[in-house]
Amino acid sequence: MPTELYSMSKVSNLEQIIADFGPHLHDAPYDGWRANRVIDKVVPTHCPYCAVQCGMNLLVENNHVVGFEPRYDFPVNEGRLCPKGVTAYLQVHHPDRLLHPLIKRNGSFEPASWDEALDLVVSKFKELQSKHGKDSIGVYSGSSLTTEKTYLMGKFARAGLGTRYVDYNGRLCMVSAASANNKAFGIDRAANPWDDIPLAEVLLIAGANCAETFPVLNKFLWQQRDNGGCWIIVDPRETATARQGDLHLQLKPGTDVALANGMLHVLIEEKLIDESFINTRTNGWEDTKTVVERYSPGVAAEMTGVPAEKIVRAARIYGRAKTSMVLHARGIEHHSHGVNNVLSYINLVLATGSIGKPGRGYGTITGQGNGQGGREHGQKADQLPGQRQISNPEHRKHVCQVWDLPEEELPQAGVSVVEMFQKMRAGEIRGLLSICNNVMVSLPDTNEVRRSLEGLDFYACIDFFMSEGSRYADVVLPGSTWSEDEGVTANSEGRVVKINKAADPPGEAKEDWWIVQEIAHRMGREKYFQFKNPREIFEELRIASRGGNADYYGITWEKIERQNGVFWPCPSEDHPGTPRLFEDRFYHPDGKARFHAIEFEPAQETPDEEFPLILTSGRVVYQYLSGNQTRRIGFLVEQCPEPYVEIHPETALKLKVNDGERVRVVSRRGEGVFPVLVVKTIRKDTIFIPYHWGEQLAVNQLTNPELDPISKIPEFKACAARIEKIHSRQLPIVGEKRKGSSRSEFR
Amino acid sequence: MFIDPQRCIGCRACVAACRECATHKGYSMIYVDYLDRSETTATMPTVCMHCVEPTCALVCPADAIKTTDEGVVLSALKPRCLDCRNCVNACPFGVPKYNTEMHLQMKCDMCFDRSSEGLKPMCASVCPTGAITFGKYQDIVPLRRTKPVNAHVFGNQKVETKVYLMLPTDADAVEVDGCGVFEGRVMPEQHPGTESWIDLQVEQTDKSNEF
């Protein structure tokens, strides 16, 4: 099929789709703001967004979610919420909600019955699988789902469809940290509960804009500060977090290995390392020591752009502290050498022996609501429940026994999502089922992603709003929001918490697990999918994860409510859970942690004459991930209506561009037009664009899809770009707003 | 109530949450502004400072603005409010707004329906960092390394407030020099180049005197 032709596109009528399904702005409870509500029930649950998983109470009136009330008794946030959390309930009865199954006919979505839609999905999947083999269908899932659903998605792909191709959107999130943690510690979980943060004298925070991306985590950071603690912040931008840091290392994007090696060099020189810890509890020190010998502060300074004096000061502050923690997030993970970045910071932790004790530790701050739980129970391409490996015969045997599946029917490992999309372009994967993601915003190189979707023979999507990605689907099945189903999530600390159901899905929308199970039934795989409710899925998950690293066997929904969350591993019902890891041993067979000798390698693309700037991407506090939920909420959109490009004043002066002016940002893969925000808070050689938008506003039109060789994470955080001035009459963009005229005399 | 500007991350959770208090009817009465986004990410929340001698109440010809025994300055009483906007123009902090639809002045009442029942106001409940904290002086101040200040000097007017600003330890009072406007100095909008468009955009949404 000549998919290049726009007329043949799967989205031939974009304007109509936007008119029908939004995003439209909505900013009030479904029946308006009322003071005289009679609340039927107050449902304690958690926020649907980031991995802090703040507790919140939803107010329900007449089977409608009409507001929230702070949940002061939940220990992580004690009532606190960010603006996304405050407005989260407004999505539940949003006018854009998908209320009926939709089938695309002649380029337009038409409502259909559940039977019609599900039968079409199943007949297409069967047809493709009989023609092209089981592996011709891909399943792409997400980590904003409950753990029960993520377990179900992995099982559905392997036991329901029999395909090897399943992956999840954590691949675009923290998977570099997951791989590095497995390599260094033999397990993939943050090592300490956040209660440890206030006990640390020094926090080293790398590539984590805590202020905007984990607002409520700042509670712990400021408690630490009130206790007299100090922050070292590593970030190319002076974020609100970096602004308050005692020391800000404003490095060039993608040079973390050089920085961490430079710091380790100083620690060794000044004998600030813990020899006895290194000798008794770690392996691989000598190689690492040899490698970092070359990274003197001067060398590291040249590579990173951070003054040598600051590198030395950071190493001394970190090395001399009695207690310290290292925290990091996407800033160091979204790189083609993301795993190495993480490992080089872990080397600092191991060299100082600062782990496994109160106030001494390490952790990645997972991004998505269930980013932790979503990477534990088998929806990753190479993984089975309980963080088991699909390539390990013992692990395969255990899971097949639990599922009662003949072992030869369990597929082998698949590939990461970016590689899955390459296989779609190659025609190897012909059909796709996706849930809980928005590929047209979140995958790198949007134009290639579009080609992948256009080339599919059949694409079915489960979602509760029409995302930029689901516009390309042939069938869209209306699913549920977080308040319409129950199950567990694991927050960034590894604390398993319980999401409770507040009200039924609206219209004909259904719980996600019901939809997936219904497809499995119609595929003739009823035997493996006999769940009557999410609790039954959880009970099977407990058994499937038993004995694995992520052991949930001892966790029950009741225990979660009783203890305000349970930290895994929790191997038996009388086990209280494990808030702090590595107190006695690490999870490698010999009980030791591993150093990794890491050499600095630059990003895949570095600035040159044609593309002289480093483009990095990230997030704003008002939007969540691909924005499919938050870009519909009036309050949030009003605060940040569109992406912009941050440029340093000196760079702006050279380019002769003004604040507020629209410019064209160009990379080797694509281009986009963004308004300029001239700020002194960014490096002169770096520009920044937030990523939450799709189509022409997507920064991912520009980003580099090069993958980390181990974690397969794309390099979102560094590519080469240039800025072109547009000489058009579109300028300036903000017009009236820039004049700041007062509205006090008229309305 | 305690306001600590250095903790403010500009997330505006307080602005969103203010609307949720049942008596606020979807209107927010708290403002968060960038100081100057081109220079810094610093932001500042503005709530009603609940003055000991509230200027808004002093200038009200109808005596519509009442103060509770605890010192909370309430919104104008609906039957009394004359739509005169004296309070809107007189408040040295620029807090009260005039609601043209309801013909009523509205301002932060410290979520009177919540605080009178022992619950924290919405803004202080949700504030992620503790930039806005609600509690007793003796409970909050010993925990912090900043100094509580509640004296504000606006030219010749000195105002004492129930709300404290948490400032560096050498601060005594907050002095504002008449905003420069009356002494013929340049107002910010006359050279927009110094401010970022985001400031102005936010100002437009947050700072107009009406709902």
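As the structure is a computational prediction, the values presented were derived from the model and not from experiment.

1. Things to note about the overall build of chain B
For step 1, the next point in the chain: Within chain B, the secondary structure is distributed over 7 helices and 11 strands.
For step 2, the next point in the chain: Counting only residues that meet the buried cut, chain B has 43% of its 211 residues in that class.
For step 3, the next point in the chain: At a minimum sequence separation of 6, the contacts of chain B that also span at least 24 residues come to 55%.

2. Remarks on the overall build of chain A
For step 1, the next point in the chain: When helices and strands are tallied, chain A shows 25 helices and 30 strands.
For step 2, the next point in the chain: Here the C-alpha atoms of chain A give a radius of gyration of 25 Å, agreeing with the 27 Å that 2.2 N^0.38 yields for 747 residues.
For step 3, the next point in the chain: A total of 747 residues make up chain A; the buried ones form 61% of that total.
For step 4, the next point in the chain: In chain A, of all internal contacts separated by at least 6 residues, the share reaching a separation of at least 24 is 75%.

3. Regarding the sheet that holds strand β19 (residues 487–490) of chain A
Residues and elements named next belong to chain A.
For step 1, the next point in the chain: Read across the sheet, 3 strands follow the order β19-β20-β21 without closing on themselves; strand pairing throughout is antiparallel. Two strands in the sheet have a free side with no partner beyond their single neighbour: β19 and β21 (566–567).
For step 2, the next point in the chain: Where β19 lies against strand β20 (residues 495–499), 4 bridges are found, and the strand directions are antiparallel. Bridged to threonine 489 within β20 is valine 497.

4. Side note on the packing of helix α9 (residues 256–269) of chain A against helix α13 (residues 308–320) of chain A
Residue and element names in this part refer to chain A.
For step 1, the next point in the chain: The interhelical angle for the contact between α9 and α13, taken along N-to-C directions, is 65°, at an axis separation of 9 Å. In the crossing of α9 with α13, the sense of the turn from one axis to the other is right-handed. For the pair α9 and α13, contact is made by Leu259, Gly262, Met263, Val266 and Leu267 and by Ile311, Val312, Ala314, Ala315, Tyr318 and Gly319, respectively.
For step 2, the next point in the chain: Here the contact of α9 with α13 is composed, by residue class, of 9 nonpolar, 2 polar and no charged.

5. Brief notes about the sheet that holds strand β3 (residues 64–70) of chain A
All names here are of chain A.
For step 1, the next point in the chain: Read from one edge to the other, the open sheet built from 3 strands follows the order β1-β2-β3, with strand pairing classed as antiparallel. If you trace the sheet from one side to the other, it starts and ends with β1 (41–46) and β3, each paired once. Direction aside, the axes of adjacent strands within the sheet are offset by 35° on average.

6. A look at the confidence of the model for chain B
Do not read the fine detail of predicted coordinates wherever pLDDT is low.
All names here are of chain B.
For step 1, the next point in the chain: Chain-level pLDDT for chain B is 85 on average; 83% of the residues reach the 70-or-more range.
For step 2, the next point in the chain: A low-confidence stretch, residues 178–194 stays under pLDDT 50, and its non-local contacts, those more than four residues away or across chains, total 11 contacts.
For step 3, the next point in the chain: Among the scores for the predicted complex, ipTM is 0.92 and pTM is 0.92.

7. Description of the nonpolar core
For step 1, the next point in the chain: Counting residues in hydrophobic clusters, the biggest one holds 281 residues, and the most contacted among them are Met263(A), Cys14(B) and Cys123(B).
For step 2, the next point in the chain: A total of 9 residues in this core trace back to one element, the largest contributor, which is helix α15 (residues 338–352) of chain A.
For step 3, the next point in the chain: What Cys14(B) contacts, discounting residues up to four positions off in sequence, is Ile30(B), Val32(B), Pro45(B), Cys123(B), Val126(B), Cys127(B) and Ile132(B).

8. With respect to the environment of Glu20(B)
For step 1, the next point in the chain: Tracing the sequence through the fold places Glu20(B) in the loop between α1 (13–18) and β2 (31–34).
For step 2, the next point in the chain: Note: C-alpha distance between Glu20(B) and Cys123(B) (103 residues apart in sequence) is 9.9 Å.
For step 3, the next point in the chain: With sequence-adjacent residues up to four places away left out, Glu20(B) is seen in contact with Gly67(A), Phe68(A), Val86(A) and Met122(B).

9. Structural notes on unusual backbone geometry
Residues and elements named next belong to chain A.
For step 1, the next point in the chain: Residue proline 23 follows glycine 22 across a cis peptide bond; omega there is 15°.
For step 2, the next point in the chain: Following the sequence through the fold, proline 23 ends up in the loop between α1 (14–21) and β1.
For step 3, the next point in the chain: Residue proline 569 is bonded to the preceding tryptophan 568 through a cis peptide linkage, with omega at -5°.
For step 4, the next point in the chain: The residue proline 569 is located in the loop between β21 and β22 (593–594) in this model.
For step 5, the next point in the chain: If you check the backbone angles, asparagine 63 has positive phi at about 60° while not being a glycine.
For step 6, the next point in the chain: Mapping asparagine 63 onto the fold places it in the loop between β2 (55–61) and β3.
For step 7, the next point in the chain: We classify asparagine 63 as exposed; it has 11 C-beta atoms within 10 Å.
For step 8, the next point in the chain: Within the chain, lysine 271 stands out as a residue other than glycine whose phi angle is a positive 55°.

10. Considering the packing of helix α4 (residues 147–161) of chain A against helix α21 (residues 534–545) of chain A
Residues and elements named next belong to chain A.
For step 1, the next point in the chain: The interhelical angle for the contact between α4 and α21, taken along N-to-C directions, is 70°, at an axis separation of 9 Å. When the interaxial angle is binned, α4 and α21 end up roughly perpendicular. Where α4 crosses over α21, the handedness of that crossing is left-handed. Residues Thr147, Glu148, Tyr151 and Leu152 of α4 pack against Pro534, Ile537, Phe538 and Leu541 of α21.
For step 2, the next point in the chain: Within the contact of α4 with α21, the residues separate by chemical class into 6 nonpolar, 1 polar and 1 charged.

11. Thoughts on the environment of Asp31(A)
Residues and elements named next belong to chain A.
For step 1, the next point in the chain: Relative to the helices and strands, aspartate 31 is located in the loop between α1 and β1.
For step 2, the next point in the chain: A residue is classified by how many C-beta atoms lie within 10 Å of it, and aspartate 31, with 12 of them, is exposed.
For step 3, the next point in the chain: In this structure the C-alpha to C-alpha distance between aspartate 31 and lysine 380, which are 349 residues apart in sequence, comes to 41 Å.

12. Here's the deal with helix α12 (residues 297–304) of chain A
Residue and element names in this part refer to chain A.
For step 1, the next point in the chain: For α12, the set of buried residues is Pro297, Ala300, Ala301 and Thr304. Viewed along the axis of α12, the buried residues span an arc of 105°, placing them on a single side of the element.
For step 2, the next point in the chain: Buried residues belonging to α12 abut α9 and α13.
For step 3, the next point in the chain: Of the residues flanking the end of α12, it is glycine 305, one or two places downstream, whose phi is positive at about 80°.

13. A few points about the environment of Lys289(A)
All names here are of chain A.
For step 1, the next point in the chain: Within the secondary structure, lysine 289 is located in helix α11 (residues 285–292).
For step 2, the next point in the chain: Owing to 18 C-beta atoms within 10 Å, lysine 289 belongs among the partly exposed residues under this scheme.
For step 3, the next point in the chain: Sequence separation of lysine 289 and asparagine 347 is 58 residues, and the distance between their C-alpha atoms is 9.9 Å.

14. A look at the confidence of the model for chain A
For step 1, the next point in the chain: Mean pLDDT over chain A stands at 94; residues scoring 70 or higher make up 96%.
For step 2, the next point in the chain: Counted against residues more than four places away or in other chains, residues 1–7 of chain A, with its pLDDT under 50, gives 7 contacts.

Procedures and definitions
- Throughout this document, residue positions are counted from 1 along each chain, in the order its sequence is written.
- Throughout, the order in which chains and ligands are written sets their labels, letters from A for the former and numbers from 1 for the latter.
- Local features in this predicted model are restricted to residues of pLDDT 70 or higher, and side-chain atom pairs are both shown and tallied only at a pLDDT of 80 or more, whereas totals for entire chains, interfaces and linings draw on every residue.
- Only runs of H or I of at least four residues qualify as helices and only runs of E of at least two qualify as strands under DSSP, and these elements are numbered from the N terminus.
- Exposure criterion: with C-beta atoms placed from backbone coordinates, a residue whose C-beta has 20 or more other C-beta atoms within 10 Å is buried, one with 12 or fewer is exposed, and one in between is partly exposed.
- Note that contacts rest on C-beta atoms placed from the backbone: two residues are in contact if these are within 7 Å.
- Atoms counted for the radius of gyration: C-alpha only. Globule rule: 2.2 Å times the number of residues to the power 0.38.
- What makes two strands pair is DSSP finding at least two bridges between them.
- Axes here refer to lines fitted to C-alpha atoms; in helices the fit is confined to the stretch in contact. Angles between the N-to-C directions go from 0 to 180 degrees.
- Should the near helix be turned anticlockwise from the far one by less than a right angle, the crossing is termed left-handed; should it be turned clockwise, right-handed.
- Under the scheme applied here, ten amino acids are nonpolar (Ala, Val, Leu, Ile, Met, Phe, Trp, Tyr, Cys and Pro), four are charged (Asp, Glu, Lys and Arg), and all others, including Gly, are polar.
- A residue's pLDDT is the confidence the predictor assigns to it, expressed on a 0 to 100 scale.
- As used here, a nonpolar core is made of buried Ala, Val, Leu, Ile, Met, Phe, Trp, Tyr and Cys residues. They are joined through C-beta atoms within 7 Å.
- Our angle categories are set so that under 35 degrees counts as roughly parallel, over 145 as roughly antiparallel, 65 to 115 as roughly perpendicular, and the remainder as oblique.
- For this quantity, the arc is that covered by the directions from the helix axis to the C-beta atoms.

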